[in-house]
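An overview of the molecular structure
Each chain, letter by letter, is given below.
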Amino acid sequence: MTGIRKVLAAVFAGLALTLVAATPAAAQTDKLKLAVAGDGAEGVTIQATYADGRRLDKLVRLILTATGPDGQELGPVQLEPAPEGQGFYTTGPLLSAGSWRVKVNAPAPHQSETTATVQAKPQAQAPRQSPSPKAARDSGAAEGITWWWTVAAAGLVLVAAAMGVGILLGRRRTNTQND
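The following refers to the structure shown. Owing to the predicted nature of the structure, the values given are computational and were not obtained by experimental measurement. (Residues numbered from 1 in each chain as written. Predicted model: local features only at pLDDT ≥ 70, side-chain atom pairs only at ≥ 80, totals over all residues. Heavy atoms only, no water.)

Focus on the pattern of salt bridges
Operational definition: Salt bridges are counted wherever a side-chain nitrogen of Lys or Arg sits within 4 Å of a carboxyl oxygen of Asp or Glu. Comment: elements are numbered from the N terminus, with helices defined as DSSP H or I runs of at least four residues and strands as E runs of at least two. Here's how the labels work: a residue is buried when its accessible area is under 20% of the maximum for its type, exposed when over 50%, partly exposed in between, all with a 1.4 Å probe on protein chains only.
Taken as a whole and judged by the stated rule, the model has 3 salt bridges. Note that R61 and E80 form a salt bridge whose closest N and O atoms lie 2.2 Å from each other. On the criterion of sequence distance, the pair formed by R61 in the loop between strand 2 (44-50) and strand 3 (62-67) and E80 in the loop between strand 4 (73-79) and strand 5 (88-90) is long-range, its members being 19 residues apart. By relative accessible area, E80 is classed as partly exposed at 42%. Ionic pairing is found between E113 and K103, a salt bridge with its closest N-O pair at 3.9 Å. Of this pair, E113 sits in strand 7 (residues 112-120) while K103 sits in strand 6 (residues 98-106); the two residues are 10 residues apart in sequence, bridging distant segments of the chain. Overall, the relative accessible area of 53% leaves E113 in the exposed class. We classify K103 as partly exposed; its relative accessible area is 32%.

Notes on the sheet that holds strand 5
Using the following cut-off: Paired strands are those between which DSSP finds at least two bridges. Lines are fitted to the C-alpha atoms to define the axes, a helix being fitted only along its stretch in contact, and any angle between axes, read from their N-to-C directions, falls within 0 to 180 degrees.
Sheet architecture is open: 3 strands sit in the order 1-2-5, paired in antiparallel fashion. At either margin of the open sheet sits one strand with a lone partner, and together these are strand 1 (32-38) and strand 5. Across this sheet, the average inter-strand angle for adjacent strands is 20°, counted without regard to direction. For strand 2 and strand 5, the ladder comprises 3 bridges, and the chain directions are antiparallel. Following the sheet pairing, I46 is matched in strand 5 by Y89.

Notes on the side chain of T49
What counts here: Throughout, a residue-residue contact means that at least one pair of heavy atoms, one from each residue, lies within 4.5 Å.
The residue T49 is located in strand 2 in this model. Judged by relative accessible area, T49 falls into the buried class, the value being 18%. Other than its neighbours up to four places away in sequence, T49 contacts K31, L32, K33, R54 and L56.

Regarding the sheet that holds strand 7
One open sheet accounts for 4 strands, arranged 4-3-6-7; its pairing is antiparallel. Either end of the sheet is taken by a strand with one partner, and the two such strands are strand 4 and strand 7. Across the sheet, the mean angle separating the axes of adjacent strands is 20° when strand polarity is ignored. The sheet contact formed by strand 3 and strand 6 spans 5 bridges and is antiparallel. Looking at strand 6, one finds that L64 is bridged to V104.

Considering the pairing of strand 2
For strand 2, the tally of buried residues reaches 6 of 7 residues, placing the bulk of the element in the interior. Pairing of strand 1 with strand 2, which is carried by 7 bridges, proceeds in the antiparallel orientation. Bridging from a neighbouring strand, A35 pairs with Q47 of strand 2.

Focus on the environment of G68
In this fold, G68 is placed in the loop between strand 3 and strand 4. Once residues within four sequence positions are removed from consideration, G68 is found in contact with S99 and W100.

As for the nonpolar core
Defined as follows: What is meant by a nonpolar core is a set of buried Ala, Val, Leu, Ile, Met, Phe, Trp, Tyr and Cys residues, joined one to another through side-chain atoms within 4.5 Å.
Core analysis: the largest hydrophobic core is formed by 22 residues, its most contacted members being V36, I46, L62, Y89, V102 and V104. Going through the elements one at a time, strand 1, strand 2, strand 3, strand 6 and strand 7 are the ones with two or more residues in this core. If near-sequence neighbours (up to four positions away) are discounted, V102 is found in contact with V36, V44, L64, T65, A66, T114, T115, A116 and V118.

Written as structure tokens, this is what we have:
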């Protein structure tokens, strides 16, 4: 019994020493490096990594504030992670055209802050083109084909339902005649 207690005490002491030794190192590596850039239009992208270069492995809520070309203030805006990758954040269309001073903060325990100048450009819109007569004709043909497939599918469903009802009624008559 005393041997088991000694082993357990040694295991717990080892775990405690490991936790104490790892805590200062973890506190230093939890600082974030925030890379802020424009997305080529009216948004901002942020890439968050640990200061030592490791990829961000947990959810961090970043806060963005910005000052526009005419002194207009924007934010604070809480950013959510983007589906593009781990530690990647994007605002979507948020800024008007011009040069913006963007500041991004990470809350405790990561306590990081960065400021960058972002050039926002209005999104270019593709000119509306009228479809060629052939494209319009093909589009109409495709709609007609789609309509016929819908009618055909509905007809098949009705035929299957009628057959199912007929089979059920036929069994009922057979059962009542046998009794």
